[in-house]
Amino acid sequence: MAQLQLREAVRAALVEEMSRDADVFLMGEEVAEYNGAYKVSEGMRDRFGPNRVIDTPISESGFAGLGLGAAMNGLRPVIEFMTWNFAFVAIDQIINNAAKIRYMSGGQFSFPIVFRGPNGAAGQLAATHNTSVESIYSCFPGLKVISISNPDDAKGLLKSAIRDNDPVVFLESEFMYGMRGEVSEEEDYLIPIGKARIAREGDAVTIVGHNKSYWRAMEAAEMLEADGYYAEVIDPRTIRPFDWDAVVSSVRKTNRLVIVDESNPFASVSSEIAFQVQSRCFDYLDAPVRRITAKDTPAPYAKNLMTYYLPSAEDTYQACRDVLYLD
Amino acid sequence: MAQLQLREAVRAALVEEMSRDADVFLMGEEVAEYNGAYKVSEGMRDRFGPNRVIDTPISESGFAGLGLGAAMNGLRPVIEFMTWNFAFVAIDQIINNAAKIRYMSGGQFSFPIVFRGPNGAAGQLAATHNTSVESIYSCFPGLKVISISNPDDAKGLLKSAIRDNDPVVFLESEFMYGMRGEVSEEEDYLIPIGKARIAREGDAVTIVGHNKSYWRAMEAAEMLEADGYYAEVIDPRTIRPFDWDAVVSSVRKTNRLVIVDESNPFASVSSEIAFQVQSRCFDYLDAPVRRITAKDTPAPYAKNLMTYYLPSAEDTYQACRDVLYLD
Amino acid sequence: MTTTTRAANVAAEVQGQSNGQQGREVERLSMTASFSRYPGDWYSHTDLGFSTEDVLAMYRSMLLQRRFEERSAQMYSKQKIAGFLHLYIGQEAISTGSVQALRVGHDTVITAYRDHGIALALGMSADECMAELFGRIDGCSKGKGGSMHFFCREKRLFGGHGIVGAHIPVATGIGFAHKYKGDGGVCICYLGDGAVWQGAFHESLNLAGLYKLPVVYVIENNQYAMGTSVDRAAADADLYKQSISYAMPGSLVDGMDVFSVTRAMRDHVALARENQPSVVEIRTYRYRGHSMSDPGKYRSREELEARKNQDPILRLKAYLLNGGLSTNEELDSVDRSVKREVNESVEFSDSSPLPPLEAIYDHVFTEEGFPFLR
Amino acid sequence: MTTTTRAANVAAEVQGQSNGQQGREVERLSMTASFSRYPGDWYSHTDLGFSTEDVLAMYRSMLLQRRFEERSAQMYSKQKIAGFLHLYIGQEAISTGSVQALRVGHDTVITAYRDHGIALALGMSADECMAELFGRIDGCSKGKGGSMHFFCREKRLFGGHGIVGAHIPVATGIGFAHKYKGDGGVCICYLGDGAVWQGAFHESLNLAGLYKLPVVYVIENNQYAMGTSVDRAAADADLYKQSISYAMPGSLVDGMDVFSVTRAMRDHVALARENQPSVVEIRTYRYRGHSMSDPGKYRSREELEARKNQDPILRLKAYLLNGGLSTNEELDSVDRSVKREVNESVEFSDSSPLPPLEAIYDHVFTEEGFPFLR
Ligand SMILES: Cc1ncc(C[n+]2csc(CCOP(=O)(O)OP(=O)(O)O)c2C)c(N)n1
Ligand SMILES: Cc1ncc(C[n+]2csc(CCOP(=O)(O)OP(=O)(O)O)c2C)c(N)n1
Ligand SMILES: [Mg+2]
Ligand SMILES: [Mg+2]
């Protein structure tokens with residue numbers, strides 16, 4: 001096992017896949033000469049040259065669409081959005097073109113493309129720079145959506161995403177790029193898309209959390225352990241297709257579910273998990289499904305407000321206590 | 001009461017509000033000389049002149065943003081999207097600028113603007129022309145979202161939306177424009193935003209449906225009545241803010257909930273309703289919340305597939321029977 | 001622009017002048033742009049190296065498009081076809097002319113929803129096209145796409161696209177892949193006059209200019225975007241000038257003359273083969289409404305009639321007859337053969353099966369067994 | 001362009017020529033565009049009607065921006081300020097120069113995230129600006145916006161916007177409202193060289209040109225968008241030429257000379273008052289990194305030093321001293337007063353309260369009592 005930062009794990013996946021397949025290229029703002037706004041692609045331009053690691057103007061719609069055309073015509077692009085907040089100007093390309101052209105062509109064309117970049121809160125950047133986009137992209141059949149929480153998953157899932165023949169929305173995190181973790185050194189380390197990871201076993205309550213929220217889930221589980229209760233923590237890793245079996249079997253065991261989701265609450269991934277679980281575990285639930293999300297407001301700038309805005313381990317812990325009827 | 005087509009009811013609201021307030025104007029593709037792609041604005045250019053009923057180039061991002069600037073600088077724009085499918089190229093203007101600038105300015109600027117147009121399925125138009133967008137816009141705090149099912153609501157809610165000082169996403173339907181219905185002739189007929197309509201009282205099961213899905217709900221209720229069961233049908237009318245009280249009190253009475261929602265299923269409005277109801281009515285539910293949605297695929301072209309794609313009254317009826325454990 | 005041998009190139013140098021005083025210039029304002037024009041009635045078939053058979057084939061191609069669409073309009077009224085149906089009638093010289101400049105099956109083509117003409121001109125069969133309109137499994141998009149979404153992997157038609165402007169970045173990427181792979185192909189991107197005002201156009205042209213991509217952006221200026229004439233949508237109605245901002249060549253072409261289109265497209269495709277992207281504005285006219293439901297009240301009958309006199313098919317017919325290249329009898333038999341082909345396509349489509357309901361889940365993903373929510 | 005009296009206007013007529021033969025022209029290719037240039041060291045303060053006091057006030061304005069930002073950079077390292085902090089240092093002649101052309105409080109201004117300079121130049125207090133950076137309730141956006149989102153209803157600063165290009169359509173609408181209301185106001189929209197390549201720019205300029213809106217689009221070309229120099233992002237790096245496609249006047253201005261900026265902006269604002277939108281490219285330079293975390297490795301130390309020699313503040317200082325308009329002592333005392341103001345703003349901000357937690361729900365809607373999900 002190697003100790004890598006998350007950004008290094010992402011880079012390792014990119015480098016391995018680009019070395020393996022000349023059709024893979026990386027394109028985005030500042031990915032080449034600047035070595036990446038968050039240094040994910042450091043050294044890659046020197047290694048692969050300017051024809052395969054390509055800087056773009058600030059034209060998200062243009063270069064997202066360019067990636068799609070390239071995919072349609074035989075290449076395997078990896079398109080970096082500096083952050084997913086900036087992909088909203090390109091969303092039509094992703095949700096109409098990437099997700100639907102294959103369908104409309106009766107399967108004649110496919111889109112082996114990865115759109116990747118950091119998602120969700122990134123600090124005191126105010127309302128437009130802190131959006132969690134997973135539920136938006138998950139709405140659209142035709143896309144796969146992956147959201148990772150650690151270096152190992154980052155590497156194994158990004159490699160799978162690049163090899164996948166369908167369009168993948170791959171969600172990272174500014175806050176986690178510097179996080180170190182063990183990464184498998186297995187050759188060609190591929191983690192299957194659509195499989196959750198049971199991060200911690202337990203029987204008292206199931207906590208589901210992805211991306212940064214996974215860490216809130218783990219913290220809450222530890223707090224709960226101090227109370228003598230063992231939470232089962234599940235990192236879904238893939239949002240679409242979601243690994244319902246993993247969550248359903250866990251809830252059938254624990255009879256309780258708490259979801260941590262950094263998105264704004266309405267019609268978020270947490271809503272869908274709640275729908276599925278109440279539907280599939282109706283007779284097993286001993287308490288309503290609870291969720292801890294970002295506040296139902298835009299993200300503020302002031303430090304105290306921004307901390308308050310985000311889901312916390314404390315609130316998650318309290319929700320677990322609530323569904324355990326401990327207070 | 002007047003008998004109006006839905007398009008006439010929308011027009012009546014526009015005409016009344018434009019007559020009442022010189023700051024209101026209508027802008028969009030083909031709204032003026034062409035009299036509206038769906039003839040909603042027929043005659044309005046002649047009546048109000050080309051400075052207040054304004055044709056645009058095909059630049060959704062440009063004219064949506066233009067509307068926002070105009071709102072910020074004192075006007076009350078009504079921006080028509082020919083259909084909401086075409087608003088995806090402008091979504092950044094709506095979800096970042098309309099929803100968030102007021103917040104980021106600490107309340108100094110507001111956005112009295114309505115974005116309106118037909119939403120959801122409109123027949124054999126294939127994948128990019130049949131999207132239901134309500135859950136997407138409802139995700140973003142800062143927006144109000146209204147989706148209407150009949151001429152009376154269309155008029156009363158559009159008038160309220162135009163007078164509202166916050167940005168409103170107003171969802172109509174191509175399929176319903178020609179539908180006739182009674183419309184109040186009350187002067188200044190305003191329906192409050194955020195209040196559901198109990199369309200049919202019943203005690204056996206609650207069916208929630210908005211926009212076209214409301215009619216599927218009503219049909220299912222009638223089929224159920226033939227079986228001797230009375231469904232309570234609720235048209236939420238406003239998606240954000242949602243009238244939880246109306247649905248919750250109904251479910252506490254019927255102990256069962258079926259949702260009809262024309263969106264693709266994942267993280268849709270139906271998911272959120274399910275979350276809220278399982279949370280607020282946990283001890284009241286005698287069966288899992290069920291939903292009937294569009295299929296988890298893009299919309300196809302072929303006639304039989306497109307019919308199959310959409311939620312049907314039959315499936316809704318069957319879901320009601322299921323939660324009543326009748327079969 | 002070494003390849004545009006027959007077209008005049010006009011280079012303009014706009015130089016900043018000092019403000020009434022001398023010798024204190026800070027920076028020079030300069031602008032270089034080159035334009036070409038391709039008027040109608042200018043090129044003979046021999047100029048273009050066409051044999052009589054070639055010209056007859058072009059005539060047949062245009063006529064097939066015309067009759068196919070006339071027939072589909074009928075089928076629409078009979079409700080055999082639903083959704084939107086945007087007819088190309090009047091614009092056939094563009095599809096047929098540009099195909100003369102392409103290596104079909106190697107070069108790539110992408111367009112908007114008004115796509116029947118280019119599909120047939122590329123050699124897709126009337127059968128598969130009509131079946132698609134009927135929403136049957138033998139349709140070129142297996143009944144998933146309909147009129148707006150014709151695709152053909154073999155002929156390298158990359159669609160048929162319904163969101164105005166959204167296919168332009170895709171075209172740019174198709175061109176990018178040609179260059180990346182070094183396969184020598186070029187991409188032709190057709191767009192309407194109305195699509196120019198989408199941001200996607202601007203972003204794409206800048207990217208193509210910056211990366212030097214083998215793409216020809218062809219604006220089919222049929223004077224209207226639905227009911228909006230070009231001058232009511234454009235700050236500047238000369239759309240070919242858009243090329244200036246991206247330091248690209250731009251041309252203006254008479255779209256009612258298939259030879260002019262051929263000449264222009266050959267020149268621009270040649271540029272693209274040298275990785276020089278460019279803009280071609282082809283002035284044409286759509287005879288029918290925007291789609292089947294459009295009564296076309298925004299234009300006068302006189303305007304329409306005047307345009308119909310420039311009909312590209314009648315024009316080529318006159319060329320063939322006046323030049324003694326063909327006879328009325330021969331052309332009538334072309335007409336009959338075209339009609340037969342179209343009639344057969346209706347029969348074919350009528351008997352092609354509807355897709356089975358479970359096919360709704362096909363073609364969403366390449367992957368088999370994706371766990372859809374049900 | 002009757003108002004640009006001192007600037008040379010160059011109109012270019014590019015005419016299509018027939019293809020080597022005569023008399024068979026179908027359409028004439030023509031293009032008209034007008035350009036002006038405003039070089040540095042060209043205008044004296046008296047040319048512009050400025051008194052000595054006026055010039056001193058401009059000097060103070062620029063110095064205040066400089067010192068405010070130097071101080072905020074310190075506060076950033078002390079973690080009093082968080083998020084992104086984009087400094088305007090080097091560009092102050094643009095904000096101060098253009099404010100000379102405006103009716104402050106009546107005309108409207110909108111810009112991107114590099115917004116401290118224009119805020120202070122418009123007369124917003126250092127206190128409210130610094131408090132916003134500190135995220136306190138006395139901040140100009142009540143602590144909700146931070147560095148990228150300065151707003152001031154009174155001075156008609158419509159923000160401070162963080163999504164590149166997204167404020168350009170908003171500017172277009174602000175101008176639309178001026179015209180609709182007939183209030184005689186104009187809107188100045190600042191954007192970076194990097195924002196030109198967003199589709200929103202193209203759509204906005206076409207709309208402004210089509211509807212004849214009172215907007216001046218000012219491209220602050222500081223040579224870089226993050227680490228990308230203009231020529232690495234642009235198919236054509238002369239950004240003022242963008243105006244051609246929309247039949248608008250365009251100008252190129254030396255942004256290191258506050259007088260040139262003043263002259264240019266007065267001319268363009270005058271055009272806007274007659275509902276003629278236009279484009280101004282102001283060439284400037286940002287001394288600091290893109291934001292605090294940028295080490296700026298993409299440019300050489302020599303390049304940076306060379307640019308610093310053109311510093312707009314030093315240049316104005318030299319003008320004041322060389323022209324005998326002021327003395328070193330006087331300018332030192334301006335510096336001291338500016339420093340005091342900035343220091344006080346830090347104290348003010350330090351003692352301004354954090355917003356209460358419940359304020360997170362304020363300002364989402366105008367409506368009171370909106371039922372948030374909790
Ligand atoms: C983004 C978007 N906006 C609006 C529409 C509706 N629409 C379909 S075709 C059309 C007109 C396009 O005109 P033009 O580009 O000139 O093509 P033509 O129909 O003349 O071939 C419009 C507005 C759309 N499909 N997509
Ligand atoms: C749509 C979008 N894409 C990317 C970014 C990230 N980003 C922020 S500033 C910037 C560079 C902008 O450069 P320019 O317009 O020249 O302005 P300058 O920073 O030089 O003032 C980028 C890429 C963003 N904020 N929004
Ligand atoms: Mg057109
Ligand atoms: Mg810049």
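The coordinates are above.
Model, not experiment: these values are computed from the prediction. (Residues numbered from 1 in each chain as written. Chains lettered and ligands numbered in written order. Predicted model: local features only at pLDDT ≥ 70, side-chain atom pairs only at ≥ 80, totals over all residues. Heavy atoms only, no water.)

Asks: It is not clear to me how the overall build of chain C should be interpreted in this structure. Could you clarify?
Replies: Assigned secondary structure in chain C consists of eleven helices and nine strands. Against the globule reference of 21 Å for 374 residues, chain C gives a C-alpha radius of gyration of 22 Å, in line with a compact fold. Along the first, second and third principal axes, the C-alpha atoms of chain C reach 80 × 65 × 45 Å. Residues counted as buried form 66% of the 374 residues belonging to chain C. For chain C, contacts bridging at least 24 residues in sequence account for 75% of all contacts bridging at least 6. Taken as a whole, chain C presents about 12,200 Å² of accessible surface, with 46% of it coming from carbon and sulfur. (Helix = DSSP H or I, 4+ residues; strand = E, 2+ residues; numbered from the N terminus. Rg over C-alpha atoms; globule rule 2.2 N^0.38 Å. Buried < 20%, exposed > 50% of the residue type's maximum accessible area, 1.4 Å probe, protein only. Contact = heavy atoms within 4.5 Å. Areas by Shrake-Rupley, 256 points an atom, 1.4 Å probe, with all protein chains shown as cover.)

Asks: What am I meant to see in the packing of aromatic side chains here?
Replies: Here the distance between the centres and the angle between the planes together describe a pair of aromatic rings. All names here are of chain A. Tallying each qualifying case throughout the model produces 50 aromatic pairs over all chains. With centroids separated by 6.1 Å and ring planes inclined at 35°, the aromatic side chains of Phe 63 and Phe 81 adopt a geometry described as tilted. Linking Phe 63 in helix H3 (residues 60-72) with Phe 81 in the loop between strand E4 (76-80) and helix H4 (91-104), this pair joins segments that are 18 residues apart in sequence. With a relative accessible area of 0%, Phe 63 lands in the buried category. The class for Phe 81 is buried, based on a relative accessible area of 0%. (Phe/Tyr/Trp six-rings, centres within 6.5 Å; stacked < 30°, edge-to-face > 60°.)

Asks: Even after reading the chapter, I still don't get the environment of B:Phe140, so can you show me in this structure?
Replies: Relative to the helices and strands, B:Phe140 is located in the loop between helix H5 (134-138) and strand E6 (144-147). When the C-alpha atoms of B:Phe140 and B:Arg200 are compared, they prove to be 31 Å apart, with 60 residues separating the residues in sequence. Dropping the residues within four chain positions of it, B:Phe140 is found in contact with A:Phe88, A:Thr131, A:Ile136, B:Ile95, B:Lys100 and B:Arg240.

Asks: Sorry if this is basic, but what is going on with the site of ligand 1 here?
Replies: By nearness alone, 21 residues border ligand 1, and B:Glu60, C:Tyr113, C:Arg114, C:Gly162 and C:Asn222 come closest of all. The environment of ligand 1 is shared, with nearby residues belonging to chains B and C. In this structure, an oxygen atom belonging to ligand 1 sits 2.6 Å away from a side-chain N or O atom of C:Tyr113. Summarising the interface, the protein chains cover 95% of the accessible area of ligand 1, which totals 580 Å² for the free molecule. (Near = heavy atom within 4 Å. Polar contact = N/O pair within 3.5 Å; in protein donor to acceptor, adjacent residues only side chain to side chain.)

Asks: What's the story with helix H11 (residues 328-351) of chain C in this structure? I'm lost.
Replies: Spacing of three or four residues puts side chains on the same side of an α-helix, whose turn is 3.6 residues. All names here are of chain C. In this model H11 runs 35 Å from its N-terminal to its C-terminal C-alpha over 24 residues, within 8% of the 34 Å that 1.5 Å per residue would give. Among the residues of H11, Leu 331, Val 334, Asp 335, Ser 337, Val 338, Val 342, Ser 345, Val 346 and Ser 349 are the ones counted as buried. Residues of H11 that are buried make contact with helix H1 (52-77), helix H4 (126-134) and helix H10 (312-322). (Expected span 1.5 Å × (residues − 1).)

Asks: Just to check I follow, could you spell out the sheet that holds strand E7 (residues 168-172) of chain B for this structure?
Replies: Strand pairs in the sheet, formed through backbone hydrogen bonds, run parallel or antiparallel to each other. All names here are of chain B. Reading across from one edge, E3-E2-E4-E5-E7-E6-E12 is the order of the seven strands in this open sheet, with mixed pairing throughout. The open sheet has two edge strands, strand E3 (53-55) and strand E12 (238-240), and neither has a second partner. Each neighbouring strand pair of the sheet contributes to a mean axis angle of 20°, computed without reference to strand direction. Here five bridges tie strand E2 (residues 24-28) to strand E4 (residues 76-80), and the two strands are oriented parallel to one another. Bridging from a neighbouring strand, Val 24 pairs with Arg 76 of E4. Across the sheet, helix H6 (residues 151-163) touches E2, E4, strand E5 (114-118), E6, E7 and E12, and the angle it forms with E7 is around 160°. (Pairing = 2+ DSSP bridges. Axes fitted to C-alpha atoms, helices over the stretch in contact; angles between N-to-C directions.)

Asks: Sorry if this is basic, but what is going on with the coordination of the magnesium ion (ligand 4) here?
Replies: For a metal with four tetrahedral donors the ideal donor-metal-donor angle is 109.5 degrees, whereas six octahedral donors ideally subtend 90 or 180 degrees. All names here are of chain D. Protein-derived ligands of the magnesium ion (ligand 4) are Asp 193 (OD), Asn 222 (OD1) and Tyr 224 (O), with the metal-ligand distances lying across 2.0 to 2.2 Å. When the donors of the magnesium ion (ligand 4) are listed by position in the chain, the intervening gaps give D-x28-N-x1-Y. Residue Asn 222 is classed as buried on the basis of its relative accessible area, which comes to 5%. Residue classification places Tyr 224 among the buried positions, given a relative accessible area of 8%. (Donors = N, O, S within 2.8 Å, 3.2 Å for Na, K, Ca; no water.)

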